[in-house]
Amino acid sequence: MKLEEGIGLLAVVFIFGIVGAALLPDDMWEDHSRTPGMSGALQGSVGINPAGFTSRMASPLQGVAVAAINPTNQNAIPQQVPRTTVPKPGLTPFSRAPIVRFSGTIQQITELQQRDGQIHIWLTDANGREKEISVAPSWYLEYMDCTMLHDMRLSGTGFQFDKSRGPSVIYAKKLKINNRPCHLRNDEGFALWSNRLR
């Protein structure tokens, strides 16, 4: 064998060795003799060497999420402490708007461009009371094939966000038109046609 062939063969073996080392798992050279339950807790320990365990202190400190378990009952569910938040001055705490049901006959259909750009309808229920319902923009109703006509019977659910000033606008969540549902808002009251939900 010539010197050039020997150097070439050594270079090929060296390259295969580098490729082989790169394909090995990262934890190949770690010490796996430790107790599995203790490995996570020992990684972040500083200056602790319980029961003769060897741990590398070169790793950065790490936090380990643990749950306290009652030693008398191993199957006990950890108790959760209720969290209370105090609103800052001038802010009111968030509370979910109650869902209200409505049904009746459509007396008026109006598109309020200056107010919110949505179709509003006024329903008269069986007791003769009138309710204003904010439905959706006309393009969305057309897209969803939710056609409403004067004197049509309608039912649905919605949100009434401000009840402090008496009867307020109901924001429709779902309508039932001729036994066909029309979904307009999600469970939090956000409009399904809004770009924020994409």
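Summarised in this report is the structure supplied together with it. Keep in mind that this is a model prediction, so the values were computed, not measured.

Conventions used here
- Residues numbered from 1 in each chain as written.
- Predicted model: local features only at pLDDT ≥ 70, side-chain atom pairs only at ≥ 80, totals over all residues.
- Heavy atoms only, no water.
- Phe/Tyr/Trp six-rings, centres within 6.5 Å; stacked < 30°, edge-to-face > 60°.
- Buried < 20%, exposed > 50% of the residue type's maximum accessible area, 1.4 Å probe, protein only.
- Helix = DSSP H or I, 4+ residues; strand = E, 2+ residues; numbered from the N terminus.
- Contact = heavy atoms within 4.5 Å.

**A look at the packing of aromatic side chains**
Alright, step 1. Taken as a whole and judged by the stated rule, the model has two aromatic pairs.
Alright, step 2. Measuring from centroid to centroid gives 5.9 Å for W139 and Y140, while their planes differ by 85 degrees, and the two rings are edge-to-face.
Alright, step 3. Given a relative accessible area of 51%, W139 falls into the exposed group.
Alright, step 4. Geometrically, the ring pair formed by Y140 and W193 is tilted, given 5.3 Å between the ring centres and 50 degrees between the ring planes. Pair noted here: Y140 is in helix α3 (residues 138–143) and W193 is in the segment after β6 (180–183), with a separation of 53 residues, a long-range link. Both residues of the pair, Y140 and W193, count as buried.
Alright, step 5. By the ring-pair criterion, three or more aromatic residues cluster together here, those being W139, Y140 and W193.

**A short note on the environment of M152**
Alright, step 1. For M152, the position within the fold is in the loop between α3 and β4 (153–159).
Alright, step 2. M152 gets classed as buried once you look at its relative accessible area, which sits at 12%.
Alright, step 3. For the pair M152 and I177, spaced 25 residues apart in sequence, the C-alpha separation works out to 8.5 Å.
Alright, step 4. Excluding its chain neighbours within four sequence positions, the residues that come into contact with M152 are G104, T105, I106, T147, I177 and N178.

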